[in-house]
Amino acid sequence: MSTAPIILFVYNRPDHTLRTLEALEKNDLASSSELFIYSDAPKNEKSKPAVDQVREIINSDWKFKKIHLIFRDTNCGLAANVIDGVSKIVKQYGRIIVLEDDLTTSPFALSYFNDALDRYQDEERVMQISGYGYPLKDLENLPETFFFRVANSWGWATWDRAWKHFNADIHQLTDDFTIEQIHQFSIEGKENFWKQVQEFKAGKINSWAIRWYASVFKKNGLVLYPRNSLTQNIGNDGSGTHTAAENTYRVVLADKKITEFPLEIKEHTQAYESIKYFYAHRKGSLLQRGIRFAKKKINELKK
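Definitions and cut-offs
- Residues numbered from 1 in each chain as written.
- Predicted model: local features only at pLDDT ≥ 70, side-chain atom pairs only at ≥ 80, totals over all residues.
- Heavy atoms only, no water.
- Pairing = 2+ DSSP bridges.
- Helix = DSSP H or I, 4+ residues; strand = E, 2+ residues; numbered from the N terminus.
- Axes fitted to C-alpha atoms, helices over the stretch in contact; angles between N-to-C directions.
- Contact = heavy atoms within 4.5 Å.
- Parallel < 35°, antiparallel > 145°, perpendicular 65-115°, else oblique.
- Left-handed = near helix turned anticlockwise from the far one by under 90°.
- Nonpolar A, V, L, I, M, F, W, Y, C, P; charged D, E, K, R; others polar.
- Buried < 20%, exposed > 50% of the residue type's maximum accessible area, 1.4 Å probe, protein only.
- Core = buried A, V, L, I, M, F, W, Y, C linked by side-chain atoms within 4.5 Å.
- Phe/Tyr/Trp six-rings, centres within 6.5 Å; stacked < 30°, edge-to-face > 60°.
- Lys NZ or Arg CZ within 6 Å of the ring centre and 35° of its normal.

Some remarks on the sheet that holds strand S6 (residues 126–130)
So, point 1. One open sheet accounts for eight strands, arranged S3-S2-S1-S4-S8-S6-S9-S7; its pairing is mixed. The sheet terminates laterally at strand S3 (66–71) and strand S7 (145–148), the two strands that pair on one side only. On average, adjacent strands in this sheet sit at an angle of 25° to one another, irrespective of strand direction.
So, point 2. As paired elements, strand S2 (residues 34–39) and S3 share six bridges and run parallel to each other. Bridge pairing links Ser39 to Phe71 in S3.
So, point 3. Where helix H4 (residues 109–119) meets the sheet, its contacts fall on strand S1 (6–10), strand S4 (95–100), S6, S7, strand S8 (156–159) and strand S9 (222–226), and the angle it forms with S4 comes to roughly 150°.

The following block contains the structure:
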């Protein structure tokens, strides 16, 4: 099948945007892929110079099949920008690869996304392809790719058939969750996904990603993950909308093409246990947590 269109969401981080595009351009399928870049408008005068720099960068001569630039006239915010952009493009093309302005990619990322999109096109339970792979301690014991329940926002792909199940109403999605469902949704309490739901309901966060995961979970959906990550989040320097400065999720990018995909459509038990262990221990010791907290506060003061 033809290559899936790529959609990239950018805002006010010129250095990150440049690195994202430079890495993406080095992908084998870049020259045969259409790229849609959604540039959000500045929310205040202070943001305008950085937004202008970003728009200058994305207006450069990048080596893709075709580039479509969408400049927002008013500030949408990340959640509204992503929901609107993904909904429009995936409906038009039937499939989509989604990136944000703080992600670098392996040169084999686009091949992985497109191969997986082709392979699982008609598998209703497969609802997302994740480009990110967790830095697990036992990676060598896992298959090259596997299924896990959690939707990931650090470089992903999906189909119109799956995105149709996205529900922006957090109450419709989760108000009827049982105690057991909450337990399973939060990976047996090892990750704060349910806390994110509660914070969204309280108006403390505005995340499209937690609503997408809840939508996938509600349909008993699965997400394909790579053993060796195809994406790296370079926004964990405290510059992102929802990120603090830390190296917990840093990975080594895949250095070869992904060729093995699971035949059986079910969650991989060992991968589930490994990721659960990672969630439970990723914060480290009290000293390590204190250092990260201090760095976060310093970055907040700089903004």
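Additional details are given in the paragraphs that follow.
Some details on the packing of helix H1 (residues 14–25) against helix H2 (residues 48–58)
So, point 1. With their axes 9 Å apart at the nearest point, H1 and H2 run at an angle of 20° to one another. Taken together, H1 and H2 sit at an angle that is classed as roughly parallel. Of the two possible hands of crossing, H1 and H2 adopt the one that is right-handed. Of H2, the residues touching H1 (which contributes Pro14, Thr17, Leu18 and Leu21) are Ala50, Gln53, Val54, Ile57 and Ile58.
So, point 2. A per-class count over the contact of H1 with H2 returns seven nonpolar, two polar and no charged.

Details of unusual backbone geometry
So, point 1. Look at Ile187: it is not a glycine, yet its phi comes out positive at around 55°.
So, point 2. In this structure, Ile187 sits in the loop between helix H7 (179–185) and helix H8 (193–201).
So, point 3. The class for Ile187 is buried, based on a relative accessible area of 0%.
So, point 4. At Asn220, a residue that is not glycine, the phi angle is positive and equals roughly 60°.

A look at the side chain of Asn27
So, point 1. Residue placement: Asn27 occurs in the loop between H1 and S2.
So, point 2. Those residues within four positions of Asn27 in sequence are excluded, and the remaining contacts are Thr105, Ser106, Pro107, Phe108, Ala109 and Leu110.

A closer look at the nonpolar core
So, point 1. Ranked by size, the top nonpolar core spans 88 residues in total, and within it Ile129, Tyr134, Phe148, Phe185 and Trp212 carry the most contacts.
So, point 2. Top element by residues in this core is helix H9 (residues 208–218). It accounts for seven residues.
So, point 3. When residues no more than four places from it in sequence are discounted, the contact partners of Phe185 are Phe177, Phe193, Trp194, Val197, Ile210, Tyr213, Ala214 and Phe217.

Describing the packing of H8 against H9
So, point 1. Remark: H8 packs on H9, axes separated minimally by 10 Å, with the N-to-C direction vectors making an angle of 120°. Between H8 and H9, the interaxial angle falls into the category oblique. Crossing handedness for the pair H8 and H9: left-handed. Contacts from Phe193, Gln196, Val197 and Phe200 of H8 reach H9 at Ile210, Arg211 and Tyr213.
So, point 2. For the contact of H8 with H9, a count of residues per class yields five nonpolar, one polar and one charged.

Concerning the packing of aromatic side chains
So, point 1. Scanning all chains against the criterion turns up 34 aromatic pairs.
So, point 2. Measuring from centroid to centroid gives 5.6 Å for Phe177 and Phe185, while their planes differ by 75°, and the two rings are edge-to-face.
So, point 3. Its end group placed over the ring of Trp159, Arg161 keeps NZ or CZ at 4.2 Å from the ring centre.

Notes on the side chain of Ser106
So, point 1. Summarising the element assignment, Ser106 is placed in the loop between strand S5 (103–105) and H4.
So, point 2. Among the residues examined, Ser106 registers a relative accessible area of 1% and is labelled buried.
So, point 3. If we skip the residues at most four places from it in the chain, Ser106 touches Asn27, Leu230, Leu253 and Ala254.

Here's the deal with the pairing of S4
So, point 1. Here S4 lies mainly inside the structure; six of its six residues are buried.
So, point 2. Burial along S4 is two-sided: the face carrying Arg95, Ile97 and Leu99 and the face carrying Ile96, Val98 and Glu100 are both buried.
So, point 3. By the bridge criterion, four bridges tie S1 to S4 in an arrangement that is parallel. Along S4, the bridge assignment pairs Leu8 with Leu99.
So, point 4. Across four bridges, S4 lies against S8 in antiparallel orientation. Note that in S8 the partner of Val98 across the bridge is Trp156.

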